[in-house]
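Spelled out from the first residue to the last, the chains are:
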Amino acid sequence: MRPWAIEPSRLTLRQLIAECASSLVARPGRSALTALGVVLGVGTFVTVVGLANTASGQISSAFDALSATTVTATDARVSDSGPFPYPSDTDARLARLHGIVGAGTIWHLDVSPDQVGAGPTAETLSTADVYAVSAGAWRAVQPRVTQGRFYDAFADRARQRVAVIGAALAKRLGITTLTTQPAITIQDVPFTVVGVISSSVRDPELLLSVSIPRGTAQALWGSPGAKTAATVVVATRNGAASQVAGEIPAALDPTDEHAISVTPPPDPRSLRDQVGNDLNALLVVLALICLAVGAVGIANTTLVGVVERTAEIGLRRALGARPRHIGAQIMGESAVLGGVGGLVGTSAGILVILAVSLARHWTAVMSPQLALLAPAIGLGVGSIAGLYPASRAARIEPTEALRR
Amino acid sequence: MTTTQPAAVELIDVERTYPGPPPVRALKQIDLRIPRGEYLAIIGPSGSGKSTLLNLLGLLDRPSAGTYRLAGVDVSGLAERDRAACRAQLIGFVFQSFHLLDQRSSLENVMLGALYQHRTEPTAELAARAARTLTSVGLAHRLEAPPSRLSGGERQRVAIARALINHPELLLCDEPTGNLDSGNTATVLGLLDNVHATGQTVVVITHDPEVAAHAQRRVAITDGNLTEVD
């Protein structure tokens, strides 16, 4: 029973916020430095999460463009006893499948390097590989031609002695123009260079190599053995890869679907998630450490502030404040610092993401939830950091405090 | 008259013992009656129990035994929640070291006196009231000045205005001129005389005879015992 018609002391939320703001503004330098910890923590958090999102966005778009439309099939023979699984009309058979942009056979020819040379007088080359590349494979590999052209299916069928070489190799061989119809020899067999390629999306190996028609290679050096890893490279339309991968074995050999093994592309979505998760987990842990350091910073400075403001706290108690009012104010100040730090940190983090994305020509990926969540994290960190100083402040005895 | 109107303060057999070891009896069976509107000085050297008595009167501390009636109501057993309410509405403190907030203007410091009141009034209204109170202590021209730009006497007048803004039952001054030179001491004592003249109950705790001389009545405290002086 209260003996008295006196209502309890009160501090409205509006008054509390005004008092917190007033106390923080009174010490601008200290407030800014205190909030800096949270600025860094939240800024790092936003930056790493945003950059992880942005980077995995780039990773997946790279996969979407290339890997998702590439299917490769490899020779599944374990010994040379079985028949070579790619019939001579492989290109044509695969081209009939829906969803295929281009398909062809590629294998490495077992010719030793010093047997590659440019013209009868040129010195021999020591580091050039020779590949058998069917005419259809050019549409799958999609290299860029800087001079001349690719040989076509006719050259393949007619076993013409023509070659397409990489630009780097052409430079080393001294071939600057194709108008003179330069020739190179492989094991003393002359080949006319008909094309020079400068980039290759699916098979960069070809840039340093000599490519000759598949039929020519088979006529001169025979079908490849089981260990040469002859492959079929298939470029598909977007989204057709999985479907096409299932149809290839039957299209090539209806009697033995185990003659070749087909590698469908990884599902880009699961791949992106996996990469993203690995990256995010690590970086989020780092960001959390930053936040923890920020929280300790706020807690420490606020605690020092409580000790410095003992007299003020005593005065407030003498003016009628209850311990909970004192605690609420200290915690409120800490929370406001955390919240403001979180806002500034979020802004800084977004700027960093934008800057990095601009510098790398990436598309910045930033979830709106993160932009809203991050200041709230700052607020939460500030509140938690203020718990202990607030409880200390609430326990200060006014009689002791006012003696100062 | 005393039968119809309760005294502002009534202490009956009040004891305050600080738990040991060894226990210290800071106040011993104090009896003190302060009628409403009186100006009382409590005199005593340091360590005599002055501060303990001040804390008890100001409801910052509780008596170990005895009864304290403030405005006729027993407050000796109140919980902190109710003591805080009484401090907010019934008591105005004036301290030796002023305890003004450096970063706030005189007006804001006086407004702080009403912050924890149960009834919240609009800021503009409160500011007007604070301005009137500052005017009444002769600082109408210093409303916006921060304490750092005020003289010691002016600072104490701001503190007195802060204590008076709630129209307290009891104005409790702890060495109000302890940090002031003689000129400022005279100003502040004159102001306290004026405040008392309006009917305000004033209690001043001091060791300075000049300050005590302004009061209507003087009591001395030595070793926890209270005696009337004359």
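Refer to the structure presented above.
This is a predicted model, so every value here is computed, not measured.

Considerations on the packing of aromatic side chains
Stage number 1. Applying the stated rule across the entire model yields 3 aromatic pairs over all chains.
Stage number 2. When the ring of W138 of chain A is compared with that of F150 of chain A, the centres are 4.8 Å apart and the planes differ by 5°; the resulting orientation is stacked. Taken together, the residues span a long stretch of sequence, with W138 of chain A in helix α4 (residues 137–141) and F150 of chain A in the loop between β6 (143–148) and α5 (153–157) at a distance of 12 residues.
Stage number 3. Among the residues examined, W138 of chain A registers a relative accessible area of 2% and is labelled buried.
Stage number 4. Among the residues examined, F150 of chain A registers a relative accessible area of 26% and is labelled partly exposed.
Stage number 5. When the centroid spacing of 5.6 Å and the interplanar angle of 5° are considered together, the rings of F93 of chain B and F95 of chain B count as stacked. Grouping residues by exposure puts F93 of chain B and F95 of chain B together as buried.
Stage number 6. An aromatic cluster of three or more residues is present, and its members are W138, F150 and Y151 of chain A.

Structural notes on the environment of D82 of chain B
Stage number 1. Considering the arrangement of structural elements, one finds D82 of chain B in helix α2 (residues 80–90).
Stage number 2. For D82 of chain B and L59 of chain B, which are 23 residues apart along the polypeptide, the C-alpha to C-alpha distance reads 9.7 Å.

Describing the sheet that holds strand β4 (residues 65–70) of chain B
Residue and element names in this part refer to chain B.
Stage number 1. With respect to topology, 4 strands assemble into an open sheet ordered β2-β1-β4-β5, the strand pairing being antiparallel. Each edge of the open sheet carries a strand with a single partner, namely β2 (24–34) and β5 (73–74).
Stage number 2. The sheet contact formed by strand β1 (residues 9–18) and β2 spans 7 bridges and is antiparallel. When the sheet's bridge partners are listed, E10 is paired in β2 with R33.
Stage number 3. In this fold helix α1 (residues 50–57) packs onto β1, β2 and β4, with an angle of close to 125° to the strand it touches most, β1.

Let's talk about a nonpolar patch on the surface
Stage number 1. Judged by side-chain polarity, V285, L286, I289 and V293 of chain A come together as a nonpolar surface patch covering roughly 360 Å² of accessible area.
Stage number 2. Mapped onto the elements of the fold, I289 of chain A is located in helix α9 (residues 268–308).

A closer look at the nonpolar core
Inside soluble globular proteins, nonpolar side chains tend to come together where they are buried.
Stage number 1. Core analysis: the largest hydrophobic core is formed by 54 residues, its most contacted members being V9, L11, I42, L57, Y68, L70 and V203 of chain B.
Stage number 2. Here I42 of chain B is in contact with K50, L53, L57, V203, V204, I205, T206, V219 and I221 of chain B, once residues within four sequence places are set aside.
Stage number 3. Ranked by size, the runner-up nonpolar core spans 40 residues in total, among them A128, F191, A230 and V232 of chain A.

Quick look at the sheet that holds strand β10 (residues 225–229) of chain B
All names here are of chain B.
Stage number 1. Across the sheet, 6 strands lie side by side as β6-β7-β8-β3-β9-β10; this open sheet has mixed pairing. Taken across any chain shown, the strands that pair with only one partner, and hence form the sheet edges, are β6 (91–94) and β10. Across this sheet, the average inter-strand angle for adjacent strands is 20°, counted without regard to direction.
Stage number 2. In the sheet, strand β3 (residues 39–43) pairs with strand β8 (residues 202–206) via 5 bridges, with the strands oriented parallel. Pairing of L40 across the sheet is with V203, part of β8.

What about the packing of helix α10 (residues 310–318) of chain A against helix α11 (residues 323–360) of chain A?
Residues and elements named next belong to chain A.
Stage number 1. Between α10 and α11, the least distance of the axes is 9 Å, while the angle of their chain directions is 135°. Taken together, the axes of α10 and α11 are oblique relative to one another. Note that α10 runs across α11; the crossing there is right-handed. Of the residues in α11, those in contact with E312, I313, R316 and R317 of α10 are P323, I326 and Q329.
Stage number 2. Within the contact of α10 with α11, the residues separate by chemical class into 3 nonpolar, 1 polar and 3 charged.

With respect to the pattern of salt bridges
Stage number 1. What the rule picks out here adds up to 21 salt bridges over all chains.
Stage number 2. Between R25 of chain B and E15 of chain B there is a salt bridge, with the nearest N and O atoms lying 2.8 Å from each other. Of this pair, R25 of chain B sits in strand β2 while E15 of chain B sits in strand β1, placing them 10 residues apart in sequence.
Stage number 3. For E15 of chain B, a relative accessible area of 12% puts it in the buried group.
Stage number 4. Via salt bridges that share partners, E19, R27, R309, E312, R316 and E333 of chain A together with R104 of chain B belong to a single interconnected network.

As for α11 of chain A
Stage number 1. Here α11 of chain A is 38 residues long and its end C-alpha atoms lie 54 Å apart, about the 56 Å a rise of 1.5 Å per residue gives.
Stage number 2. Positive phi shows up at H361 of chain A, right after α11 of chain A, with a value of about 60°.

With respect to the packing of helix α5 (residues 152–164) of chain B against helix α6 (residues 182–197) of chain B
Residues and elements named next belong to chain B.
Stage number 1. At a closest axis distance of 8 Å, the pairing of α5 and α6 adopts a crossing angle of 20°. Comparing their axes, α6 and α5 come out roughly parallel. In this structure, α5 crosses over α6, and the sense of that crossing is right-handed. Contacts between α5 and α6 involve G152, G153, Q156, R157, I160 and L164 on the former and, on the latter, N184, T187, V188, L191, L192 and V195.

Structural notes on empty space enclosed by the protein
It is the rolling of a water-molecule-sized probe over the atoms that shows where space remains empty.
All names here are of chain A.
Stage number 1. For the structure shown, the criterion picks out 5 cavities of 30 Å³ or more.
Stage number 2. Size it by volume and the largest cavity reaches roughly 180 Å³.
Stage number 3. Lining the largest cavity are 16 residues, and of these L24, R30, T302, R309 and E333 lie nearest its centre.
Stage number 4. Those elements giving two or more residues to the lining of the largest cavity turn out to be α1 (13–26), α2 (28–65), α9 and α11.
Stage number 5. Residue classes in the lining of the largest cavity are distributed as 4 nonpolar, 7 polar and 5 charged.

Let's talk about the interface of chain B and chain A
Stage number 1. Contacts between the two partners involve 34 residues from chain B and, on the opposite side, 33 residues from chain A.
Stage number 2. Together, the buried faces of chain B and chain A total about 3200 Å²; carbon and sulfur atoms form 60% of this surface.
Stage number 3. For the chain B face of the interface with chain A, the top three residues by lost area are R81, Y116 and H118 of chain B, together amounting to 25%.
Stage number 4. Taken together, the links from chain B to chain A amount to 2 salt bridges.
Stage number 5. A salt bridge links R317 of chain A to E80 of chain B, with the nearest nitrogen and oxygen atoms 3.0 Å apart.
Stage number 6. Between chain B and chain A we count 13 residue pairs in polar contact (both at pLDDT 80 or more) in total.

Structural notes on the pairing of β8 of chain B
Residues and elements named next belong to chain B.
Stage number 1. Burial runs high along β8: 5 of the 5 residues are buried.
Stage number 2. On β8, burial covers both faces: V202, V204 and T206 on one face and V203 and I205 on the other are all buried.
Stage number 3. In terms of strand pairing, strand β7 (residues 170–174) meets β8 through 4 bridges, oriented parallel. Each bridged residue has a counterpart across the sheet, and for L172 the counterpart in β8 is V203.
Stage number 4. Each parallel crossover has a hand, and for β7 linked through α6 to β8 it is right-handed.

Basis of the calculations
- Residues numbered from 1 in each chain as written.
- Chains lettered and ligands numbered in written order.
- Predicted model: local features only at pLDDT ≥ 70, side-chain atom pairs only at ≥ 80, totals over all residues.
- Heavy atoms only, no water.
- Phe/Tyr/Trp six-rings, centres within 6.5 Å; stacked < 30°, edge-to-face > 60°.
- Helix = DSSP H or I, 4+ residues; strand = E, 2+ residues; numbered from the N terminus.
- Buried < 20%, exposed > 50% of the residue type's maximum accessible area, 1.4 Å probe, protein only.
- Pairing = 2+ DSSP bridges.
- Contact = heavy atoms within 4.5 Å.
- Axes fitted to C-alpha atoms, helices over the stretch in contact; angles between N-to-C directions.
- Patch = residues over 30% accessible without salt bridge, like charges linked within 9 Å, V, L, I, M, F, W, Y side chains within 5 Å.
- Areas by Shrake-Rupley, 256 points an atom, 1.4 Å probe, with all protein chains shown as cover.
- Salt bridge = Lys/Arg side-chain N within 4 Å of Asp/Glu carboxyl O.
- Core = buried A, V, L, I, M, F, W, Y, C linked by side-chain atoms within 4.5 Å.
- Parallel < 35°, antiparallel > 145°, perpendicular 65-115°, else oblique.
- Left-handed = near helix turned anticlockwise from the far one by under 90°.
- Nonpolar A, V, L, I, M, F, W, Y, C, P; charged D, E, K, R; others polar.
- Expected span 1.5 Å × (residues − 1).
- 1 Å grid on protein atoms, 1.4 Å probe; cavity = no way out; pocket = protein on both sides within 12 Å on 5 of 7 lines; lining within 4 Å.
- Points joined across faces, edges and corners; volume = space filled by probe spheres on them.
- Buried area = accessible area lost by both parts, 1.4 Å probe.
- Polar contact = N/O pair within 3.5 Å; in protein donor to acceptor, adjacent residues only side chain to side chain.
- Right-handed = clockwise from strand over helix to strand, strands pointing away.

That is the geometry; function is a separate question.
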